[in-house]
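This is what each chain is made of:
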Amino acid sequence: MKAIEQLGRNTIDRIVGVGEAAQLLARTLFLLPSWRGVGLFIDQMFRVGVLSLLIIVVSGLFIGLVLGLQGYTILVDYGSEQALGTMVALTLVRELGPVVTALLFAGRAGSALTAEIGLMKATEQLASMEMIGVDPLRRVIAPRLWAGIVSMPMLALIFSSVGILGGKFVGVDWLGVYDGSFWGNMQNNVQFLNDIVNGVIKSVVFGVVCTWIAVYQGYACMPTSAGISTATTRTVVYSSLAVLGLDFVLTAVMFGGLS
Amino acid sequence: MRARTTELSVGLLVIFAAAALFFLAMKVSGLTQTVSGEGYLLKAHFQNVGGLTTRAKVTMSGVTIGRVTNIYLDPKRLDAVVEMQINKDVNEINSDAAASILTAGLLGEKYIGITLGAEDTFLKNGDEIELTQSSLVLEDLIGKFLFNKATEPTAVAPATDANSGGF
Amino acid sequence: MTEVARTDQAKPLIDVKDLVFYRGSRVIYDGVNLQIRRGQITGIMGPSGTGKTTLLRLIGGQLLPDSGDVLFDGRSVPHMSRRELFQARSRMGMLFQSGALFTDMSVYENVAFPLRAHTKLPENLIRELVALKLEAVGLRGAEQLKPSELSGGMNRRVALARAIALDPELIMYDEPFAGQDPIVMGVLARLIRTLRDALGLTTIIVSHDVDETLSIADYVYVIADGKVMGEGTPSELRAHPSAFVQQFLNGDAEGPVAFQYSQTPYYTPNGGGAT
C-alpha cells in the first residue's frame with residue numbers, strides 16, 4: 001500500500017513540476033528585453049554557443065567521416081556508391097544534425113546552465129537579487145533561455161555542414177567516388193524547403209526544449225550541493241529523452257507523409 | 001576588452017552559421033538549379049509511370065529543362081497523368097515531341113526525356129505531349145524476351161524446350 | 001550603547017500582526033506579533049530552523065503570509081503592487097547569510113548593482129558612491145577583485161556595502177555572526193552599530209548568537225515553535241520569567257527543549273533494562 005502511495009505522490013510531484021516549468025517558460029519568454037538585456041544575451045550566447053562550437057565541429061567531422069565510410073561499404077555492394085552524397089547529406093540534414101547537436105548541447109551547455117543557476121540559488125544570489133528589486137527571471141533566466149534557442153539551430157547547421165564535408169573527404173578524396181556524382185546526386189535529392197528547413201525547425205524545437213529543461217532544473221533544484229548534482233543529471237537525462245522522443249514525432253509529421 | 005572578445009566571437013559564430021546555411025542551400029540542395037516558379041506547365045499521359053516520382057528531372061538531349069511536379073490517375077482515361085514544369089526559356093518544344101520515361105543509373109531512378117519532333121507549332125502552357133513512351137518494367141521485358149525466343153524459327157528449337165523446361 | 005526602552009516616537013517601521021505562515025503542512029509562524037522600531041537595533045533570536053530567515057523574506061515581500069499582515073511604514077507588504085514593492089525594496093537592504101555576492105561580477109559591479117537597478121545615475125557618480133560605501137566597510141581599493149578572491153569576512157563586508165548602496169532606512173542581517181572568527185565578528189558588530197549611530201538605520205538582526213546579539217541590540221524577540229516566547233530589552237530579557245528563554249539565553253542543555261530525542265527512558269532504577 002505504501003509503495004502505491006509513494007508512486008502516486010511521486011507522479012503528482014512530477015506533474016506539478018511540469019506545471020511549474022511551464023509557468024517559468026511562459027513568464028520568461030514573454031518578458032520584454034531591455035537594452036541592458038541585449039548585453040546579457042550576447043554574453044550568454046558566448047557561454048552557451050561559442051563555447052560549444054569545438055565539440056560540435058569535432059563531433060560533426062567525425063560523424064561525417066564515419067557516415068562516408070560506412071555508407072560507402074554498404075552502397076558499394078549494390079553498385080550504388082554514387083548515391084553516397086545523397087545518403088550522407090540527407091542523414092545529416094534531416095536527422096543527425098539536429099539530434100546529435102541537441103544531445104551534445106544538453107550534455108555540455110545544458111548541464112553547465114543547470115549547475116550555474118542551481119549554484120546561484122544555493123548561495124542565495126537569486127534571492128538577494130529579488131530583494132534588491134531585480135527580477136531574476138529577467139536578469140538571469142531569460143538571456144540564457146534565448147541564447148539556447150538561438151544558438152541551437154546555428155550549431156546544428158554547422159554540424160551538418162562539417163559532416164557533409166567530412167563525408168566528402170572520405171568518399172571522394174579517399175575512396176574514389178566521383179566528385180561530380182557525389183555532389184550532383186546530392187543536389188538532385190536534397191530539397192531546401194523540405195529537408196534543410198525542416199531540419200532547422202527541428203533544431204529550434206530541440207533548442208527550446210533542452211534549454212527550458214536545463215534552466216528549470218537549475219531554478220527549481222534543492223539549494224544544496226546534492227540538489228545541484230541531482231538537477232544536473234536530470235537535465236541531461238530528461239533533455240536527451242525529450243529530444244529523441246520529439247525527433248520521432250517531428251520526423252513522422254515532416255517526412256512520414258511523403259508519397 | 002573581455003566584452004570585446006565576447007562580442008567578436010559571438011559575431012563569428014553567427015557568420016559561421018550563416019556560411020553553413022549558405023553552403024547547405026547552394027552546394028547541398030542545389031537551390032540555384034531548381035526551377036524557382038518561373039516556368040510553364042506541360043502534361044503527358046502514360047500507360048505506366050513505373051517508379052517515376054515527383055521532382056524527377058525532365059531532360060532534353062540530356063540537359064535538365066524542368067521538373068515533374070505532379071503525378072495522378074486520370075479518372076476518365078484510367079491512365080497516369082504526369083504534370084511537369086518546364087523552364088520558360090525552353091519554349092520551342094514542337095507539338096509532336098515525344099516524352100519517354102527513362103532510367104538513370106543502376107539505382108533505377110526514373111526521369112523524363114523529351115525528344116523533339118518536326119512540327120512548326122510549339123507547346124504552350126497547359127498543353128499536352130501526345131506521344132509518350134511508358135516506363136519499361138523489368139518483368140515485361142523478361143516476358144517479351146522469352147516470347148521472342150519462343151517464336152524464333154527452327155535452329156533454336158531445341159533451346160526452346162530447354163528454356164520452357166527451365167521455367 | 002544606549003539602553004533605549006519602548007520609545008513611542010513614531011509608528012514602528014515594521015509591524016507584524018498575527019502572522020501565520022505554513023510551509024507545506026508545517027507551521028512556521030502561528031500568530032506572531034512584533035514591531036521593529038525606527039532607529040533601533042532589534043534582535044530576533046531563536047533555535048536553528050525556526051524560520052527566522054523566513055521572517056525576513058516575509059518582510060521583504062518575497063513570501064506571502066497565509067494570514068495576518070506585515071506593514072512596512074504603515075503599508076501592507078503582501079498587498080503592494082509590483083511598482084510599490086520595487087520602491088519599498090529600495091528602502092530596505094538585506095545582508096544574506098552567505099553574503100550572496102554575484103559571483104560573475106566584480107566587487108565594484110556588485111555594489112553598483114542596486115544603484116544601476118534603481119537609479120539612472122551617470123557612471124562617474126556611481127563610481128563615487130561605490131567608493132563611499134566600500135570606504136564605510138573598510139574595503140576601498142578592492143573594487144576589481146572577484147568574490148572568489150575574497151575571504152569570508154571580506155565577502156560579508158562587500159555584501160554589506162551593497163546592502164547600504166541605496167542608503168536604505170531598514171537593514172536586515174541574516175545570521176551575520178554565524179561561523180565567523182572572533183575578529184570578524186567584532187568588526188561586523190562594530191560596523192552594525194556604527195551604521196545605526198551614524199545613519200539612524202533601523203536594523204534587524206536575526207541570529208542565534210546570544211552574546212553578540214545581546215551586546216548590540218536595543219530590543220530582542222525570542223521566537224520558537226512559531227510563537228514569540230519572550231521580548232524585551234537585553235536586561236529585561238535576562239531576567240525574563242519564561243523557562244524557555246532562560247534555557248536559550250544561558251545555553252543550558254536541559255530545559256523546555258529536551259536533550260534526549262527518545263521519549264522512553266533508557267534505564268529505570270527499579271529493575272527493567274533498556275528498550
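The rules behind these values
- Residues numbered from 1 in each chain as written.
- Chains lettered and ligands numbered in written order.
- Predicted model: local features only at pLDDT ≥ 70, side-chain atom pairs only at ≥ 80, totals over all residues.
- Heavy atoms only, no water.
- Helix = DSSP H or I, 4+ residues; strand = E, 2+ residues; numbered from the N terminus.
- Buried < 20%, exposed > 50% of the residue type's maximum accessible area, 1.4 Å probe, protein only.
- Contact = heavy atoms within 4.5 Å.
- Areas by Shrake-Rupley, 256 points an atom, 1.4 Å probe, with all protein chains shown as cover.
- pLDDT = per-residue confidence, 0-100.
- Salt bridge = Lys/Arg side-chain N within 4 Å of Asp/Glu carboxyl O.
- Buried area = accessible area lost by both parts, 1.4 Å probe.
- Polar contact = N/O pair within 3.5 Å; in protein donor to acceptor, adjacent residues only side chain to side chain.
- Nonpolar A, V, L, I, M, F, W, Y, C, P; charged D, E, K, R; others polar.
- Pairing = 2+ DSSP bridges.
- Axes fitted to C-alpha atoms, helices over the stretch in contact; angles between N-to-C directions.
- Disulfide = S-S within 2.5 Å.
- Phe/Tyr/Trp six-rings, centres within 6.5 Å; stacked < 30°, edge-to-face > 60°.
- Core = buried A, V, L, I, M, F, W, Y, C linked by side-chain atoms within 4.5 Å.
- Right-handed = clockwise from strand over helix to strand, strands pointing away.

Undergrad: Help me get a handle on the overall build of chain B, residues and values and all.
TA: Across its full length, chain B holds three helices and eight strands. When the helices and strands of chain B are listed from N to C terminus, the series reads α-β-β-β-β-β-β-β-β-α-α. Scored against the burial criterion, the 167 residues of chain B give a buried share of 32%. Contacts in chain B between residues far apart in sequence, at least 24 positions, make up 63% of those at least 6 positions apart. Of the roughly 10400 Å² of accessible surface on chain B, 59% is carried by carbon and sulfur atoms.

Undergrad: Just give me the short version of the confidence of the model for chain B, but keep the residues and values in it.
TA: Here chain B averages 77 in pLDDT, while 81% of its residues score no lower than 70. Across residues 160-167 of chain B, where pLDDT falls below 50, the model places three contacts with residues more than four positions away in sequence or in other chains.

Undergrad: Describe in detail the pattern of salt bridges, supporting the description with residues and values.
TA: All names here are of chain C. Taken as a whole and assessed by the stated rule, the structure comprises 23 salt bridges over all chains. Its salt-bridge partner being R91, residue D73 comes within 2.8 Å of it at the nearest N-O pair. Here the residue D73 occupies a position in the loop between β4 (67-72) and β5 (75-76), and R91 occupies one in the loop between α2 (82-90) and β6 (92-95), the gap between them amounting to 18 residues. The exposure class assigned to D73 is partly exposed, which follows from its relative accessible area of 29%. Linking E123 and R116 is a salt bridge whose minimum nitrogen-to-oxygen distance equals 2.8 Å. Look at E123 and you get partly exposed, because its relative accessible area is 35%.

Undergrad: Before we move on, could you go through the interface of chain A and chain C and cite the residues and values that matter?
TA: Across the boundary between the two partners, chain A contributes 13 residues, which contact 23 residues of chain C. For the chain A face of the interface with chain C, the top three residues by lost area are E124, M131 and I132 of chain A, together amounting to 42%. E124 of chain A is the salt-bridge partner of R57 of chain C, the closest N and O atoms lying 3.7 Å from each other. Where chain A packs against chain C, one counts 10 residue pairs in polar contact (both at pLDDT 80 or more). Take the side of chain A that touches chain C: its biggest share by element is seven residues, from helix α5 (residues 125-132) of chain A. In terms of residue class, the side of chain A that touches chain C is made up of five nonpolar, four polar and four charged.

Undergrad: Account for the interface of chain B and chain A, with residues named and values stated.
TA: In this complex, chain B contributes 26 residues to the contact, which on the side of chain A involves 29 residues. Taking both sides of the interface into account, the surface hidden between chain B and chain A amounts to around 2500 Å²; carbon and sulfur atoms contribute 70%. Among the residues of chain B in contact with chain A, L13, V28 and R55 of chain B are the three that bury the most area, contributing 24% of the side total. There are zero salt bridges connecting chain B and chain A. Our count for the contact surface shared by chain B and chain A stands at one residue pair in polar contact (both at pLDDT 80 or more). Among the elements that take part in the side of chain B that touches chain A, helix α1 (residues 2-28) of chain B stands out by supplying 16 residues, more than any other. Split by residue class, the side of chain B that touches chain A holds 15 nonpolar, five polar and six charged.

Undergrad: Give me the lowdown on the sheet that holds strand β10 (residues 227-232) of chain C, citing residues and values where you can.
TA: All names here are of chain C. The mixed open sheet is built from six strands, whose spatial order is β6-β7-β8-β3-β9-β10. The outermost strands of the open sheet, each flanked by one partner alone, are β6 and β10. Averaged over all pairs of adjacent strands, the angle between strand axes in this sheet comes to 15°, irrespective of strand direction. Of the strand pairs in this sheet, strand β9 (residues 219-224) and β10 are connected by five bridges, and their pairing is antiparallel. Across the sheet, residue A224 finds its bridge partner in β10, namely K227. Taken strand by strand, helix α5 (residues 152-163) contacts β6 and β7 (170-174), and its axis lies near 170° from that of β6.

Undergrad: Summarise the state of the cysteines; cite the residues concerned and give the values.
TA: All names here are of chain A. This model, assessed by the stated rule, comprises zero disulfides over all chains. Unpaired in terms of disulfides, C210 finds its nearest cysteine sulfur in C221, a separation of 19 Å. The buried category is assigned to C210, whose relative accessible area is 1%.

Undergrad: Lay out the arrangement of the chains with the relevant residues and their values.
TA: For the two pairs of chains in contact, the largest share of contacts goes to chains A and B. One finds no contact between chain B and chain C; the C-alpha atoms of the two approach each other to within 13 Å at their closest.

Undergrad: Describe in detail the packing of aromatic side chains, supporting the description with residues and values.
TA: Evaluation of the coordinates by the stated rule reveals four aromatic pairs over all chains. An angle of 85° between the planes, with centres 5.3 Å apart, marks the rings of F182 of chain A and W183 of chain A as edge-to-face. There is no split in this pair, since F182 of chain A and W183 of chain A are both buried. For the ring pair W183 of chain A and F23 of chain B, a centre distance of 6.2 Å and an interplane angle of 85° mean the geometry is edge-to-face. One end of the pair, W183 of chain A, is in helix α7 (residues 179-189); the other, F23 of chain B, is in helix α1, on a second chain. Each member of the pair, W183 of chain A as well as F23 of chain B, is classed as buried. One aromatic cluster is present, formed by F182 and W183 of chain A together with F23 of chain B through successive ring pairs.

Undergrad: Please give an account of the environment of E169 of chain C that cites residues and values.
TA: Residues and elements named next belong to chain C. Within the secondary structure, E169 sits in the loop between α5 and β7. If sequence neighbours within four positions are ignored, E169 has contacts with L13, R91, L201 and T202. Within polar-contact distance, the side chain of E169 engages the side chain of R91 at 2.7 Å.

Undergrad: Describe the nonpolar core, with residues and values.
TA: With 68 residues, the main nonpolar core has I164 and M186 of chain A together with L13, L24 and V28 of chain B as its most contacted residues. Broken down by element, the residue count for this core peaks at 15 residues, all from helix α4 (residues 84-122) of chain A. In this structure, M186 of chain A is in contact with G85, T86, A89, I164 and S181 of chain A together with K27 and V28 of chain B, ignoring residues within four places of it in sequence. Counting 47 residues, the second-largest nonpolar core is a separate cluster that includes Y108, V130, L134 and L139 of chain C.

Undergrad: Quick rundown of the pairing of strand β8 (residues 202-207) of chain C? Include the residues and the values.
TA: Residue and element names in this part refer to chain C. Most of β8 is tucked away: six of the six residues are buried. Where burial is concerned, the two faces of β8 agree: the one with T202, I204 and V206 and the one with T203, I205 and S207 are both buried. Judged from the five bridges that link them, strand β3 (residues 41-45) and β8 form a sheet pairing that is parallel. Bridge assignment links M45 to a residue of β8, and that residue is S207. Across five bridges, β7 lies against β8 in parallel orientation. Paired with M172 across the strands is I204, a residue of β8. In this fold, the crossover linking β7 to β8 by way of helix α6 (residues 182-199) has right-handed handedness.

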